[in-house]
Each structure stands twice: as C-alpha cells, then as structure tokens.
Amino acid sequence: MTLPSPTADRPATRRTSMPRLVVGGRDITGAVAFTVLLVALVALAAITTDNFLTERNIQNLLKQMVTTGLLAYGMLTVILTGGIDLSVGSVVAFSGIVSAGLVADLPIPVALAVAVAAGVGFGLINGILVAGFDLAPFVVTLAALTTIRGLAFVYSDVPIAPEDPGFFTLGSQMVGPVPLSTLIMIAVFLIGGVFLSRTPAGRALYAIGGNKETVRLAGISVRKHVALAYVISGACAGLAGVILSSRVGIAQPSVGVAFELDAIAACVIGGASLAGGRGTARATFGGVLVLALINNLLNLYGVQSYWQQVLKGLIIIAVILAQYHAQRRRA
C-alpha cells in the first residue's frame, strides 16, 4: 500500500514579492524609495517646525553634515573591502587639535596639511596591520581608537583656541549661499565616486569585498588595495578633524566620540553591505543627507542627545533587516 505524501493535499506555497520599478533594465525601486524618504523628511520638517527652512538653519545643516559626510566616504571604502574603521572619531580629535596647536608656529596651510597627513599616517598603520598581518579590522581599529585618543590628550589635555582669523576660513567661509566646507565634502564624493566606479583600484575594492581569494588568484594585490582603503579613510578623517576645529573655533581632545557610528549608519542607510562588495558614493551621500535631516529635525524638536543615539541604532537595525529580506527575495 502506498502511503499518501504528507504534502500531497497541501496547496503550493507562493513567495510574495514586493512590486519592483524597473526602467531601462535597471531596478530603481531603492532609489525611488530613498527619494520619497528624503522628500517626506523635508516636508515633515517644514510642516512641523518654523525654523527648518530659515537660511540660518539650512546653512547650519550643510555645515554640520560635513564631518559625517567625509567620515562616511572614507568608511565606505573600508566597508567595501569587508572591513571596518572604528578609529575615525579619534583621528578627528587628533588632527583637529594638532592643526589648532601648530597654527601658532607654522603657516596655516602647512599646519592643516600636517594634521591631515597625520590622519593618512594612522590610516596607513591600520592598513598595514589589517592587510599585512591579516588581523581582524575590528580589533586593529579598536586598538587604534584608544591609542589615537590617548595621543590627542598627550598633545594637549586642554582645548586649544587659535587666535589667527585665517584658521577659521576653512570651516566658516561661504561661497555664495553654500559653505566652503560643504563644497569640499561634495567634491570628495564626486571624485571618490569616479574613483570607485571608473578606476581599476576602485573596482578592486568591490571585488575584494565580494571574493578576496578570487581577486588574489587574478593577480591583483589584495594587501595593497586594502591598505589603500584605510589610507583613504584616515585622510578623510584627518580632513574632517581640520574642518571641524576650524568651524567651531576650538579644538578639543575629547571631540569625535561615537563619530564612527554616524559614519557607519550613513553607509548602511545608503545601502552599503557590512559584508563588503556593495555600496556606492552616491547612495552613501544620500545616507549622509538622511542622517543630517533626522539629526536636524530631532534638534529642532529638542530631543535629548542620548535618545538620538537610540534612534540611530534602531535605524541601523531596521535598514540591515530590510537588506536581509531584500537579499532573500533576490535569492
């Protein structure tokens, strides 16, 4: 006697899928959803607060997003390789206080260049340890986080307030209605986007995040490109520290705590995969913009800073869950 199959009478299950918007063979569902989210945030802010659309608030928003934007681009290059850089907040503090300290003895351009070069140096050390010795990026950059923070306090355990007015140009100068610092950040994203999408080195970062062994077998130096990613991250963090100290007019060794979380959040919101191999400069810029709008809105509402941290954490979790379900649908 043949026993009936336990699934014989069970109706076939159908996997439901979200409607997709495809134009010219490209799935633009994510881009459209992202644009709708941005428009919704702007509309919500404009309707619920009186100060959002004022010239002063818009300029403040543009200035405040610069630090996160620069850190996010640098973080993206590292995330594409499957790594992470937790030291960027400490690099911001170190480069900021070094630039403010050196400006008393050196020409301003030289002082700023030395501070940015320090960020490049820290990134290079991180890259050598991660790529050269095959150490875990989380451990290496966590150690760098504490080490560089300590060095910032060694350099000066009290805030430094430069008196030369030229020091404040980078952070406060306006070019028409747009802050100079914002234009610098946009230039970094434009040049960085071309680097990632149009150059062999940029494409290698994607490939390393996708399958490191295949890249190695193809004759491409994995170590060199991974180290390059950390150097870019360090350079962006150094530049962010210089601009931040120039904007606020005072450099503190304690500044930059948890800045790395904002950078990671911007990358994740922009669709970058923490597993590596996926993410774009354009989408990361969108993530920076969304995060800046949320922060600005919460500030206008008077939400306390620790509740803002809670919200950022929940946003990261929500986006990662959305990415997980999207990957399952594609599979």
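Residues numbered from 1 in each chain as written. Predicted model: local features only at pLDDT ≥ 70, side-chain atom pairs only at ≥ 80, totals over all residues. Heavy atoms only, no water.

What to know about the overall build of the chain
Part 1 of the reasoning: Looking only at helices and strands, the chain features 13 helices and 4 strands.
Part 2 of the reasoning: Computed over C-alpha atoms, the radius of gyration of the chain comes to 22 Å, within 12% of the 20 Å expected from 2.2 N^0.38 for 331 residues, which places it in the range of a compact globule.
Part 3 of the reasoning: Structurally, the chain occupies a C-alpha span of about 95 × 55 × 35 Å along its principal axes.
Part 4 of the reasoning: Residues classed as buried in the chain amount to 45% of the 331 residues present.
Part 5 of the reasoning: Contacts in the chain between residues at least 24 apart in sequence constitute 79% of all its contacts with a sequence separation of at least 6.
Part 6 of the reasoning: Within the structure as shown, the chain displays about 17,000 Å² of accessible surface, and the carbon and sulfur contribution to it stands at 66%.
Part 7 of the reasoning: The averaged location of the 13 negative side-chain charges in the chain is 16 Å from the averaged location of its 21 positive side-chain charges. (Helix = DSSP H or I, 4+ residues; strand = E, 2+ residues; numbered from the N terminus. Rg over C-alpha atoms; globule rule 2.2 N^0.38 Å. Buried < 20%, exposed > 50% of the residue type's maximum accessible area, 1.4 Å probe, protein only. Contact = heavy atoms within 4.5 Å. Areas by Shrake-Rupley, 256 points an atom, 1.4 Å probe, with all protein chains shown as cover. Lys, Arg positive; Asp, Glu negative; His and termini not counted. Charge placed at Lys NZ, Arg CZ, Asp CG, Glu CD.)

Digging into the packing of helix α3 (residues 88-102) against helix α4 (residues 108-132)
Part 1 of the reasoning: Between α3 and α4, whose axes approach to 8 Å, the crossing angle comes to 155°. One element, α3, and the other, α4, form an angle in the roughly antiparallel class. Considering only the axes of α3 and α4, their crossing is right-handed. Packed against α3, whose contacting residues are Val91, Phe94, Ser95, Val98, Ser99 and Leu102, the element α4 presents Ala111, Leu112, Val114, Ala115, Ala118, Gly119 and Phe122 at the interface.
Part 2 of the reasoning: Looking at the contact of α3 with α4 residue by residue, the class counts come to 10 nonpolar, 3 polar and no charged. (Axes fitted to C-alpha atoms, helices over the stretch in contact; angles between N-to-C directions. Parallel < 35°, antiparallel > 145°, perpendicular 65-115°, else oblique. Left-handed = near helix turned anticlockwise from the far one by under 90°. Nonpolar A, V, L, I, M, F, W, Y, C, P; charged D, E, K, R; others polar.)

A few points about the layout of surface pockets
Space left empty within the atom packing is revealed by a probe, the size of a water molecule, rolled over the atoms.
Part 1 of the reasoning: Taken as a whole, the second largest pocket holds about 480 Å³ of empty space.
Part 2 of the reasoning: Around the second largest pocket, the lining is made up of 21 residues, and of these Gln64, Thr68, Phe259, Asp262 and Asn295 lie nearest the centre.
Part 3 of the reasoning: Those elements that provide at least two residues to the lining of the second largest pocket are α2 (55-80), α10 (222-248), α11 (259-269), α12 (281-301) and α13 (305-330).
Part 4 of the reasoning: Of the residues forming the lining of the second largest pocket, the biggest block, 6 residues, is contributed by α12. (1 Å grid on protein atoms, 1.4 Å probe; cavity = no way out; pocket = protein on both sides within 12 Å on 5 of 7 lines; lining within 4 Å. Points joined across faces, edges and corners; volume = space filled by probe spheres on them.)

Description of the confidence of the model for the chain
Part 1 of the reasoning: For the chain, the average pLDDT comes to 88, and 91% of its residues sit at 70 or higher.
Part 2 of the reasoning: Below a pLDDT of 50 lies the segment residues 1-14, which in the model reaches 0 contacts outside its immediate sequence neighbourhood of four places, other chains included. (pLDDT = per-residue confidence, 0-100.)

Some remarks on the environment of Ile84
Part 1 of the reasoning: The topology assignment puts Ile84 in the loop between α2 and α3.
Part 2 of the reasoning: Put simply, Ile84 and Ala275 are 191 residues apart on the chain and 9.9 Å apart in space, counted from C-alpha to C-alpha.
Part 3 of the reasoning: Among all residues touching Ile84, those that are not within four sequence positions of it are Met75, Val78, Ile79, Pro137, Phe138, Thr141, Tyr230 and Ile264.

Concerning the nonpolar core
Part 1 of the reasoning: Counting 83 residues, the largest nonpolar core has Tyr73 and Met75 as the members making the most contacts within it.
Part 2 of the reasoning: The greatest single-element share of this core, amounting to 12 residues, is contributed by α2.
Part 3 of the reasoning: Look past the residues within four positions of Met75 in its chain and what remains in contact with it is Ile84, Asp85, Val88, Ser233, Glu260, Ala263, Ile264 and Cys267. (Core = buried A, V, L, I, M, F, W, Y, C linked by side-chain atoms within 4.5 Å.)

Re the environment of Thr35
Part 1 of the reasoning: Structurally, the position occupied by Thr35 is in helix α1 (residues 29-48).
Part 2 of the reasoning: Of the residues examined, Thr35 reaches a relative accessible area of 45% and is grouped as partly exposed.
Part 3 of the reasoning: Taking the C-alpha atoms as reference points, Thr35 and Gly209, 174 residues apart in sequence, are found 27 Å from one another.

Some remarks on the pattern of salt bridges
Close approach of charged atoms allows side chains with opposite charge to pair.
Part 1 of the reasoning: Counted by the stated rule, this structure contains 1 salt bridge.
Part 2 of the reasoning: Where Arg216 meets Glu213, a salt bridge forms, and the shortest distance between an N and an O atom there is 2.7 Å. Pair noted here: Arg216 and Glu213 are both in helix α9 (residues 212-217), with a separation of 3 residues, about one helical turn. (Salt bridge = Lys/Arg side-chain N within 4 Å of Asp/Glu carboxyl O.)

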